[in-house]
Amino acid sequence: SDVYKRQYQRRVRGGQEVRNMVCSIRRLIHQTPRRLLSTNRSSIFLGFDSSTQGLKASAVNADGELVGSAAVNYDVDLPEFGTSGGAIKGADDQVTTPSIMLVKALDTLLDRLKADHQFEFKQVKAISGSGQQHGSVYWKAGARRMLNELASDRSLAAQLEKCFAIPDGPIWMDSSTGMQCKILEAAIGGAQETANLTGSRAYERFTGTQIMKRCGWSEYEQTERVSLVSSFMCSLLQGDYSPIDHSDAGGMNIMNIRSKLWDPRVLELLGEGSASKLGAPVPSHKVVGKLHRYFVERYGFGPSCELVAWSGDNPVSYTHLTLPTKRIV
């Protein structure tokens, strides 16, 4: 749609990414339980933006004042992955991002925050974030155990580098699934019926058709979980598979936007066990769990720090546009 085109054009500009990150923090504070907000004024709320070009974080106190920030640019700071604009362009309109690069970006960013000796990790009460929409990550069987058992004396990247069944996941710029789009729309009853069901007609970049393309691969058979970039980054912090939130799920061509459940007709196209691989979607304001002990031991976060479900960058940007001046959500 024209709205999507305008959003994607803005995405490549730094200002859009900053707005996503700030809005993640605002949404986070609004969604954080009242018992957290009733703590002293030194409480900190940390928001991330995992964009196409890099990873950024900003921390604010309960008054909305900036108290810390850090950023990682994939091309500049992680040149070993050979990305251009954070992506790898392949043949036949394929565009991917190395999943382990996103992991190493989180390592690097948190190390930079730690180098700022004035940043008080222990005061962070809750964390959330936004991720580039439509990008997907394919966890290999056994990866959940590796997440659960993260050891604080080693980096995330060193422990998780073997955890991906498909090492490079497709992102929003990929347009290689035209055939799968036709199959999906035919199964649902046409483009309009697909839009009525899932929120939009079938699009090449959407995760549903990207999974369809891979469901015959042996690598997909080895996949234990499929995450979006948003739920993937949250999973790293949780040390477990974090669920996909409703708003980001709305950009997959899989979820029934009225029931907010995966549609059985689409799941059938994604292959056996697809519901289990995706997990159940959750409300965007849901507290999905606590920060894993890895981050408590390695960086000094408090053990009670909570994680609010991450969402897509476009829904987060839209939320920002609806806010009164200086309103924090």
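See above for the structure.
Bear in mind the structure is a predicted one, so any value in this text is a computation, not a measurement.

## A short note on the overall build of the chain
Here is step 1: If you tally the helices and strands in the chain, you get 17 helices and 15 strands.
Here is step 2: A burial count over the chain gives 57% of its 329 residues as buried.
Here is step 3: Sequence separation of at least 24 residues holds for 71% of the intrachain contacts in the chain that already meet a minimum separation of 6.
Here is step 4: Accessible surface, the chain as shown: approximately 13,600 Å² in total, 50% of it carbon and sulfur.

## As for the pairing of strand β1 (residues 44–50)
Here is step 1: For β1, the tally of buried residues reaches 7 of 7 residues, placing the bulk of the element in the interior.
Here is step 2: Where burial is concerned, the two faces of β1 agree: the one with Ile-44, Leu-46, Phe-48 and Ser-50 and the one with Phe-45, Gly-47 and Asp-49 are both buried.
Here is step 3: When β1 meets strand β6 (residues 124–131), the two strands line up parallel, connected through 7 bridges. Looking across to β6, one finds that Phe-45 is bridged to Ala-126.
Here is step 4: Hairpin geometry of β1 and strand β2 (residues 54–61) is characterised by an intervening segment of 3 residues between the two adjacent antiparallel strands.

## Notes on the nonpolar core
Here is step 1: Membership of the largest hydrophobic core comes to 52 residues, with the highest contact counts inside it found for Phe-48, Leu-110, Ile-127 and Phe-301.
Here is step 2: Here this core takes 9 residues from helix α5 (residues 99–115), the largest share from any one element.
Here is step 3: Sequence-distant contacts of Phe-301, defined by excluding residues within four places in its chain, comprise Leu-46, Leu-110, Phe-121, Lys-122, Val-124, Ile-127, Leu-291, Phe-295 and Val-296.
Here is step 4: In terms of nonpolar packing, the next biggest core, distinct from the first, is built from 22 residues, Tyr-138, Ile-166, Met-212 and Met-255 among them.

## Quick notes on the environment of Arg-293
Here is step 1: Within the element layout of this structure, Arg-293 appears in helix α16 (residues 293–299).
Here is step 2: Linking Arg-293 and Gly-239, residues 54 residues apart in sequence, is a C-alpha distance of 8.4 Å.
Here is step 3: Residues contacting Arg-293, with those up to four places away along its chain left out, are Asn-148 and Glu-149.

## Some thoughts on the sheet that holds strand β4 (residues 88–89)
Here is step 1: Read across the open sheet, the 3 strands follow the order β4-β5-β9; overall the sheet is antiparallel. On the outer flanks of this sheet lie β4 and β9 (168–170), each paired with one strand and no other.
Here is step 2: Of the pairings in the sheet, the one linking β4 to strand β5 (residues 95–98) comprises 2 bridges and is antiparallel in character. Looking at β5, one finds that Ile-88 is bridged to Thr-96.
Here is step 3: Packing of α5 onto the sheet brings it into contact with β5 and β9, and relative to β5 it is tilted by some 45°.

## Description of α5
Here is step 1: Its 17 residues give α5 an end-to-end C-alpha distance of 25 Å, which sits within 8% of 24 Å, the value for a rise of 1.5 Å per residue.
Here is step 2: α5 sits mainly inside the fold: 12 of its 17 residues count as buried.
Here is step 3: Within the sequence span of α5, burial applies to Ser-99, Ile-100, Met-101, Leu-102, Val-103, Ala-105, Leu-106, Asp-107, Thr-108, Leu-109, Leu-110 and Leu-113.

## Description of the side chain of Ser-176
Here is step 1: Looking at the secondary structure, you find Ser-176 in the loop between β9 and α8 (178–188).
Here is step 2: Only 2.6 Å separates the side chain of Ser-176 from the side chain of Asp-174, close enough to count as a polar contact.
Here is step 3: A polar side-chain atom of Ser-176 sits 2.7 Å from a polar atom in the side chain of Lys-213.
Here is step 4: Aside from chain neighbours lying at most four places away, what touches Ser-176 is Asp-92, Asp-93, Gln-94 and Lys-213.

## Quick notes on the pairing of strand β7 (residues 136–140)
Here is step 1: Most of β7 is tucked away: 4 of the 5 residues are buried.
Here is step 2: Relative to strand β10 (residues 223–228), β7 is paired through 5 bridges, and the arrangement is antiparallel. Looking at the pairing, Lys-140 lines up with Thr-223 of β10.
Here is step 3: As defined by bridge partners, β7 adjoins strand β8 (residues 164–166) across 2 bridges and the pair is classed as antiparallel. By the bridge assignment, Tyr-138 is partnered in β8 with Ile-166.

Cut-offs applied
- Residues numbered from 1 in each chain as written.
- Predicted model: local features only at pLDDT ≥ 70, side-chain atom pairs only at ≥ 80, totals over all residues.
- Heavy atoms only, no water.
- Helix = DSSP H or I, 4+ residues; strand = E, 2+ residues; numbered from the N terminus.
- Buried < 20%, exposed > 50% of the residue type's maximum accessible area, 1.4 Å probe, protein only.
- Contact = heavy atoms within 4.5 Å.
- Areas by Shrake-Rupley, 256 points an atom, 1.4 Å probe, with all protein chains shown as cover.
- Pairing = 2+ DSSP bridges.
- Core = buried A, V, L, I, M, F, W, Y, C linked by side-chain atoms within 4.5 Å.
- Axes fitted to C-alpha atoms, helices over the stretch in contact; angles between N-to-C directions.
- Expected span 1.5 Å × (residues − 1).
- Polar contact = N/O pair within 3.5 Å; in protein donor to acceptor, adjacent residues only side chain to side chain.

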